[in-house]
Amino acid sequence: MKLSFIAFCIAVFLVSCNHKTSSRIDLSGNWQFAADPSDTGQKEKWYSQSLPENVVLPGSMKDNGKGDTPGLKTPWTGTIYDSSFYFNPGYDKFRKEGDVKFPFWLTPNKYYKGAAWYRKEVNIPSDWDGKRVVLHLERPHWQTRVWVNDEPVGYQNSLSTPHEFNITDVAKPGTNYITICVDNRTDSINVGPDSHSVSDHTQGNWNGIVGDMYIQSGSKVYVEDIQLYPDVKNKMVHTVISLKNISESVVEADVVLQVRLVSGESTSLPLLSEKLQLNKGTEKIEIAYAMGDDMKLWDEFNPDFYQMKVLVKDGGKVLDEKKEVFGMREVAIKEGKIIINGRAVFMRGTLECNTFPLTGYPATDEESWARIFEVCKKSGLNHIRFHSHCPPEAAFNAADKLGIYLQPEAASWPNHGTSLGGGRPTDQYVLNETERIIKAYGNHPSFVLWAYCNEPYGNYVPFLDKSLVEWKTKDPRRIYTAACIGKSWSVNPESQFIVRSVPRGLPFKKQPNAIFNYEERIADESRPYITHEMGQYCVFPDFSEIEKYTGVYKAGNFEMFRELLEEKHMGDQGHDFLMASGKLQALCYKAEIEAQLRTTTLDGFQLLGLNDFPGQGSAIIGLLNVFWEEKDYITKEAISRFCNQTVPLAELSKFVYTNQESLKCPVSVSHYGPADLDNIQPSYCITTIKGDTLVSDKLQASDIKTGMLNSIGEIEFLLTEIKKAVQCKLEISVANYTNSWDFWVYPSRQAPISEDEVYYTTNLDKKALDKLKEGGKVFLDASGKVENGKDVVANFTPVFWNTSWFKMRPPHTTGILVKEDHPVFSEFPTSYHTNYQWWEILNGRQIMCVDSFPTQLKPLVQPIDTWFLNRRLAQLFEVRVGKGKLVVSTLNLDPDNGPASAQLRQSIAKYMNSSEFNPKDEVKPETVLELFEKKERQKVNLYTVGTPDELKPKKNKSK
């Protein structure tokens, strides 16, 4: 009995405590709902009526299965440059209403654009009477109007920050009705149809509210805002506090500041108090808070950060408190370099384009963002640019903890139908959004860079320069640029740093090397320079991803591409195409990132991207998939070998040698670590692909300075002892960082083939056909004569972005798939994919389309076509023709072209003279001859006049 009485007392105490501290009512759960496609809700006063349907919030209409089934007339938000889907007869089967598969982005379960109404009954406790009451809506999409008890409260339209409404005057103890109209149309404020804050290219233009939803009660004397400005030099944080009194009384308040270290062992710093008389209205005070001698700095290596708590007291009673996180870090520019806490930083970044394929909207929980940032860090990155959008606060919290440098933007890509600086509503919206974002998230130490937008159109230079002048003076906690731009855009004079596309691309129209950099391209710019949207190298789709789409989006585009591949009898090669194209993609990213690190005047790069981009024609350009998961051809750890704070670099002048040469290359190391590396002795080894070690040695020990590219020695190795063609690997290690490069060594002279039985020809003429009839062996060099396939343009590098968005701009292929185990390559070391030894063989060569050949034919060298067409292509194949055997090639096998060409020619000739030359597939002569016939052939028709070039700015014009 005694124990029961004690338990009863404890229960009463807990209920009493809970009642006293219950200042927040969670609004998540069931809400009444009605879509308003005719826009009659306000006129018919839906805010005072029960609504007929029900949904669960937080969530979107898609989450709740509300909206229309996507179809051919869906009013998408986003630009489509390739309209062939709507007209091409070959796509008929994908245009079936109720089951439409779109090639240019993911397919949602439902789609709706317009006003939608949400209504909920809320019971407010009696002890809230006389208090301030606020409605908080995190991440609505996007424009909201609120009514409480039939009374209008207000309108907000931020795409980036929570919508908060003061409902003190309309809320009452007891039953209340909250009605919210959410409108996701872009008609009144066009931030740009391709902006990742609204576009269907990535997250989708959804309707709903997906973050925290609550009403909060509090004192009418409260902390409205805290802005914290670190002063690292003087070990102070300058605190600007906005206090508000909406009561009718004058309050003699004590404002108390307390700081504690959040990361590591949580420690509290001394209290600081200041007395203040608060009259009705807003009062702003500034207090300098000393951080002490043990102050910890925040950066990517040591992300230590603090929490500032501000309390407002009246006679010892706490009226209100507010907390903000901050970090002691200083971002500065010195001698054209970005400096954080006195150390030069190289931004190794990627774009985050609001790609959340399960939900269609950005995560509002910290765990999801921490996972993304952990993946980035394991891949060697330290920076994220949020292209034309700003993430929820959870992203900033996660980045603070993990040490990631963030660049949010004001939710706009003001182009293609809108502009900046021409008086449109977008102008004021971008300025307002900038103010809102910096106020809401500006204290976060991870918020290091700012750009207003992506690639603007119009008279944006003077317009944004004016705002830049204001913000550089008003808030020096970060550095500012006007916009992230391509090389055709004008640069804003007031930008503190540049994000531009000039220093990017691979110069592989000439022989590839590992010595090129971009210093000449940016020699006229003294400000810090970050490369804009670097990479964009395509890889073939991974069809195993289709089953991962378990949410509101389906990969109808991937399903479509897979079906097109199966129609061309190559369905069994899908994974091989992924792997082969992926290896080429990884090679290109490695080459370009290393060139960025060799460019001493650069301050970083922003990849597009580390993960895939699901829209704009399906831009499969990531080393990781859209879910931030590894693909089969490369790991995060492999990426971090050439993309990291410390990267050894071999400055190879070429990758193909003869055995009469020596490999000679300077060695450097890009080092942007937390400190210098003292007395480090680098090591290197050269091995063959079979694992035989040719040399293993060390370079002279040296000190490696942080914040720069360090020269650390030179490697020289004679190749004269190598007698046969071989693929080698050079591996260099510096401290705990290792990087490697493949290179090839070939005999300087090829031995003649005795008793060569092959008839070599450049035309399948009568003599060649007679040879085949007689059972002979014929090698046909078809270079320059191909008609069926001559419209397919291949470079050494793969498709850029995708052929749909850029309207079949070359190249059209994503590398080659090689039958590596076939005896034709017995004396030509190769893997199944493009590598540097293939450059001289493939560069500028024609491609054959062999769609009309036997379906089982698998070319020996098979270019991988754009997935929108999936033509069966070849550059080297073998067939039987009658009794004879034929090899057809468009490769450059001229011995004078280079040692790789000579070696492959030798390998093919030896194979054709051997008993192993035994093609399995038989064709008629007419099938081969058709490759060279001049006749009308079906051409690719994209049915669209416009191109992405329309996005480029036109001088002295504003739309």
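Just so we're clear, the structure is a prediction, and the values are computed from it rather than from any experiment.

> Sorry if this is basic, but what is going on with the pattern of salt bridges here?
Side-chain pairs of opposite charge can arise where the charged atoms are in close proximity. If you walk through the whole model with that rule in mind, you get 43 salt bridges. A salt bridge links Glu630 to Lys636, with the shortest nitrogen-to-oxygen separation between them at 3.1 Å. With relative accessibility at 17%, the residue Lys636 sits in the buried group. For Glu787, the salt bridge is made with Lys790, and the minimal N-O distance between the two is 3.0 Å. Beyond isolated ion pairs, a larger network of salt bridges with shared partners links Glu930, Glu933, Lys935 and Arg937.

> Explain helix α8 (residues 574-598) to me, please; I cannot follow it from the model alone.
Residues lying three or four places apart along an α-helix face the same way, a consequence of the helix completing one turn every 3.6 residues. In this model α8 runs 36 Å from its N-terminal to its C-terminal C-alpha over 25 residues, within 8% of the 36 Å that 1.5 Å per residue would give. With 22 of 25 residues buried, α8 is to be regarded as a mostly interior element.

> I would appreciate a short explanation of the nonpolar core in the present structure.
Proteins that are soluble and globular tend to have nonpolar side chains buried together. Within the largest apolar cluster, 182 residues are counted, with the highest numbers of intra-cluster contacts made by Trp369, Phe373, Leu652, Leu730, Phe825 and Trp838. When residues of this core are assigned to their parent elements, the largest contribution, 13 residues, is made by α8. Here Phe373 is in contact with Ile384, Phe386, Ala395, Ala398, Ala399, Leu402, Ile404 and Leu406, once residues within four sequence places are set aside. Grouped together as the second largest cluster of nonpolar side chains are 29 residues, Ile226, Val237, Leu276 and Leu319 included.

> Sorry if this is basic, but what is going on with the sheet that holds strand β40 (residues 693-698) here?
The mixed open sheet is built from five strands, whose spatial order is β36-β44-β43-β39-β40. In this open sheet, the two strands that pair with only one neighbour each are β36 (656-658) and β40. The average angle at which neighbouring strand axes cross in this sheet is 25 degrees, direction not considered. Pairing geometry for strand β43 (residues 726-734) and strand β44 (residues 737-746), over nine bridges, is antiparallel. Looking across to β44, one finds that Val726 is bridged to Val745. Against the sheet, helix α12 (residues 899-912) engages β36 and β44, with an angle of about 75 degrees to β36.

> For this particular structure, what's the right way to read the sheet that holds strand β8 (residues 140-141)?
Two orientations exist for strands paired in a sheet by backbone hydrogen bonds: parallel and antiparallel. Ordered by their spatial adjacency, three strands build an open sheet running β4-β13-β8, and the pairing between neighbours is antiparallel. The open sheet is flanked by β4 (59-60) and β8, the only strands paired with a single partner. Judged from the two bridges that link them, β8 and strand β13 (residues 208-209) form a sheet pairing that is antiparallel. From the neighbouring strand, Pro140 faces β13, where its bridge partner is Ile209.

> Any chance you could explain the UniProt feature "domain: Glycosyl hydrolases family 2 sugar binding" (unreviewed entry) in the protein chain here in plain terms?
Annotation from UniProt places "domain: Glycosyl hydrolases family 2 sugar binding" (unreviewed entry) at residues 27-211. Helix and strand shares over residues 27-211 are 2% and 34% respectively, and the end C-alpha atoms of the span are 11 Å apart.

> How should the packing of aromatic side chains be read in this particular structure?
We describe a pair of aromatic rings using the distance from one ring centre to the other and the angle between the two ring planes. Enumeration over the complete set of coordinates arrives at 52 aromatic pairs. A centroid spacing of 5.1 Å and a plane angle of 70 degrees characterise the contact between Phe561 and Phe868, whose relative ring orientation is edge-to-face. A residue pair is termed long-range when its members are at least 10 positions apart, and Phe561 in helix α7 (residues 556-567) and Phe868 in the loop between β49 (861-865) and β50 (873-874) qualify at 307 residues. Taken individually, Phe561 and Phe868 each receive the classification buried, so the pair is uniform in this respect. Three or more aromatic residues joined by ring pairs make a cluster, and in this case those are Trp76, Phe85, Tyr86, Tyr91, Phe94, Phe102, Phe104, Trp105 and Tyr111. Above the plane of the ring of Tyr222 lies Arg132, whose end atom (NZ or CZ) is 3.4 Å from the centre. Sitting over the face of the ring of Phe917, Lys885 holds its NZ or CZ atom 5.6 Å from the ring centroid.

> Sorry if this is basic, but what is going on with the pairing of strand β17 (residues 251-261) here?
One face of the sheet, then the other: side chains in a regular strand alternate in exactly this way. Within β17, eight of the eleven residues are buried, which leaves it mostly tucked inside the rest of the structure. Alignment of β17 against strand β19 (residues 272-278), held across seven bridges, turns out to be antiparallel. Pairing of Ala253 across the sheet is with Leu276, part of β19. The pairing of β17 with strand β21 (residues 306-314) spans eight bridges and is classified as antiparallel. Opposite Val255, over in β21, you have Val312 as the bridge partner. Taken together, the two bridges between β17 and strand β18 (residues 267-268) define a ladder with antiparallel strand orientation.

What counts as what
Sequence positions are assigned chain by chain, starting from 1 and proceeding in written order. Selection of residues for local features in this predicted model requires a pLDDT of at least 70, selection of side-chain atom pairs for listing and counting requires 80 or more, and totals for whole chains, interfaces and linings are taken over all residues. With hydrogens and water set aside, each side-chain value is computed from the structure's full complement of heavy atoms. The term salt bridge refers to a pairing of a side-chain nitrogen on Lys or Arg with a carboxyl oxygen on Asp or Glu at a separation within 4 Å. Type-normalised accessible area, obtained with a 1.4 Å probe on protein chains alone, sets the label of each residue: buried when under 20%, exposed when over 50%, and partly exposed for intermediate values. The helix count covers DSSP runs of H or I at least four residues long, the strand count covers runs of E at least two residues long, and both are numbered beginning at the N terminus. Residue count minus one, scaled by 1.5 Å, sets the expected span of a helix. In these notes, a set of buried Ala, Val, Leu, Ile, Met, Phe, Trp, Tyr and Cys residues joined through side-chain atoms within 4.5 Å is what counts as a nonpolar core. Any two residues having at least one pair of non-hydrogen atoms within 4.5 Å are treated as being in contact. DSSP-based pairing: two strands are paired if at least 2 bridges between them are found. For every element, the axis is a line fit to its C-alpha atoms; helices are fit only across the contacting stretch, and the angle between N-to-C directions ranges from 0 to 180 degrees. UniProt positions are given in the numbering used here, feature names are shortened, and annotations may be inferred rather than shown by experiment. Aromatic rings from Phe, Tyr and Trp, with only the six-membered ring used for Trp, were paired whenever their centres fell within 6.5 Å, and each pair was classed as stacked if the ring planes differed by under 30 degrees, edge-to-face if by over 60, and tilted otherwise. Whether a charge sits over a ring comes down to the Lys NZ or Arg CZ being within 6 Å of the ring centre and within 35 degrees of the ring normal.

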